[in-house]
Amino acid sequence: PNMSLSSSQDVPVIIRNMTAADIPAVCNVQAACYDPSLYETAGVFEARMNFYNSGCFVAEEVESHRIVGYIQSFPWYYDVKVPLHATLKFSDELSHNAYYIHDLAVHPAFRKLRVGASLYQAAHGHALSLRSNGSNISTICIVAIVGAVEYWRSRGFSFKHCDNSNTNMALVDDECYGLSAQMYIELGS
C-alpha cells in the first residue's frame, strides 16, 4: 500500500490508501466537515474506492489510529464535473486528460496541522506518476464549495472562466454542490 509519514506539528499521521474498514471513520470525518446536504453515503465512498482506489487516501493519526482526514481523486476529463452520489465507470486510464479531486476533508480538530496538505500531496504525486507513465493528464480539477475556495487558491488553483481576482464572479449555485466554483491547476513536476 501507498504510505507516507507526515509529522504535522505535534500530530504525526500516516497517509495511506483507503480500505473498506476505513469507510465508517471517513463518514464520521465527512459529518464533522460538511452540511448534511453534501453528505455521501458509505456505499458511495465504497463505490469510489472500488472505482479507483489508487487515488483514495486517508490520514491516520499514528498514536490513536484515528482517521482524521481523507481525499478521493481519480483520472477524469477536463471540465467534466462529477456529481455528488455518482457511481463512476472506468475506461482506459490513458484516455483521461485531467486528474479530478472529488473530495478532501480534514476533521476540524486537525485543521491547520498540514494534514490536508499531506493528503493533497499524495494525490498530486499519484497524478504525476500517471503522467510519467504515459497518461494525457495535464491538469488537476476540483469543484470547490464556497468555504474551500481560498484554501484551493492558496494551493495555486484558479478559476478557468473568469477573473481570478473576483471570487464572487466564479461562484455558481450548482444543483449538487450549492455555491461552488470549478478550479484548475496545471500539473507541474
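It should be noted that the structure appears before, not after, this text.
My aim in this report is to walk through the structure given alongside it, one point at a time. Quick caveat: nothing in here was measured; it's all calculated off a predicted structure.

### Looking at helix α3 (residues 115–132)
Okay, so step 1: With 18 residues, α3 should cover 26 Å at 1.5 Å per step; its first-to-last C-alpha distance of 26 Å lies within 8% of that length.
Okay, so step 2: Those residues of α3 not exposed but buried are Val 115, Gly 116, Ala 117, Ser 118, Leu 119, Tyr 120, Ala 122, Ala 123, His 124, His 126, Ala 127 and Leu 130.
Okay, so step 3: Where α3 ends, the next residue or the one after it, Gly 134, has phi of about 105 degrees, a positive value.

### Examining the layout of surface pockets
Sizing a probe to match a water molecule and rolling it over the atoms shows the empty space that remains.
Okay, so step 1: When its volume is computed, the largest pocket comes out at roughly 740 Å³.
Okay, so step 2: The wall of the largest pocket is formed by 30 residues, among which Tyr 34, Leu 104, Ala 105, Ala 148 and Tyr 151 lie closest to the centre.
Okay, so step 3: The set of elements that each furnish at least two residues to the lining of the largest pocket consists of α1 (23–33), β5 (98–106), α3, β6 (139–145) and α4 (149–154).
Okay, so step 4: For the lining of the largest pocket, the element with the most residues is β5, which contributes 6 residues.

### Concerning unusual backbone geometry
Okay, so step 1: Unusually for a residue other than glycine, Lys 112 sits at a positive phi of about 70 degrees.
Okay, so step 2: With respect to the helices, strands and loops of the structure, Lys 112 is situated in the loop between β5 and α3.
Okay, so step 3: Of note, the phi angle at Arg 114 is positive, near 70 degrees, even though the residue is not glycine.
Okay, so step 4: Overall, Arg 114 belongs to the exposed group, its relative accessible area being 58%.

### Remarks on the packing of α1 against helix α2 (residues 42–51)
Okay, so step 1: Remark: α1 packs on α2, axes separated minimally by 10 Å, with the N-to-C direction vectors making an angle of 120 degrees. You can see that α1 and α2 cross each other, and the crossing is right-handed. Residues Ile 23, Val 26, Cys 27 and Gln 30 of α1 form the contact with α2, whose participating residues are Ala 42, Phe 45, Glu 46 and Met 49.
Okay, so step 2: Looking at the contact of α1 with α2 residue by residue, the classes come out as 6 nonpolar, 1 polar and 1 charged.

### Section: the pairing of β5
Okay, so step 1: A large share of β5 lies buried, amounting to 9 of its 9 residues.
Okay, so step 2: In terms of strand pairing, strand β4 (residues 67–76) meets β5 through 8 bridges, oriented antiparallel. Residue pairing in the sheet places Pro 75 in a bridge with Tyr 99 of β5.

### Brief notes about the environment of Met 49
Okay, so step 1: On the secondary structure map, Met 49 appears in helix α2.
Okay, so step 2: Apart from the residues lying within four places of it in its own chain, the contact partners of Met 49 are Met 18, Thr 19, Ala 20, Ile 23 and Cys 56.

### Quick word on the side chain of Glu 40
Okay, so step 1: Along the chain, the position of Glu 40 falls in the loop between α1 and α2.
Okay, so step 2: When its relative accessible area of 4% is taken as the criterion, Glu 40 is described as buried.

### Considering the pattern of salt bridges
Okay, so step 1: Applying the stated rule across the entire model yields 4 salt bridges.
Okay, so step 2: For the salt bridge of Glu 60 with Arg 16, the shortest nitrogen-to-oxygen distance reads 2.7 Å. Here Arg 16 lies in strand β2 (residues 11–17) and Glu 60 lies in strand β3 (residues 56–61), a separation of 44 residues in the sequence.
Okay, so step 3: Taking the relative accessible area as the measure of exposure, Arg 16 reaches 13% and is therefore buried.

Analysis parameters
Residues numbered from 1 in each chain as written. Predicted model: local features only at pLDDT ≥ 70, side-chain atom pairs only at ≥ 80, totals over all residues. Heavy atoms only, no water. Helix = DSSP H or I, 4+ residues; strand = E, 2+ residues; numbered from the N terminus. Expected span 1.5 Å × (residues − 1). Buried < 20%, exposed > 50% of the residue type's maximum accessible area, 1.4 Å probe, protein only. 1 Å grid on protein atoms, 1.4 Å probe; cavity = no way out; pocket = protein on both sides within 12 Å on 5 of 7 lines; lining within 4 Å. Points joined across faces, edges and corners; volume = space filled by probe spheres on them. Axes fitted to C-alpha atoms, helices over the stretch in contact; angles between N-to-C directions. Left-handed = near helix turned anticlockwise from the far one by under 90°. Contact = heavy atoms within 4.5 Å. Nonpolar A, V, L, I, M, F, W, Y, C, P; charged D, E, K, R; others polar. Pairing = 2+ DSSP bridges. Salt bridge = Lys/Arg side-chain N within 4 Å of Asp/Glu carboxyl O.

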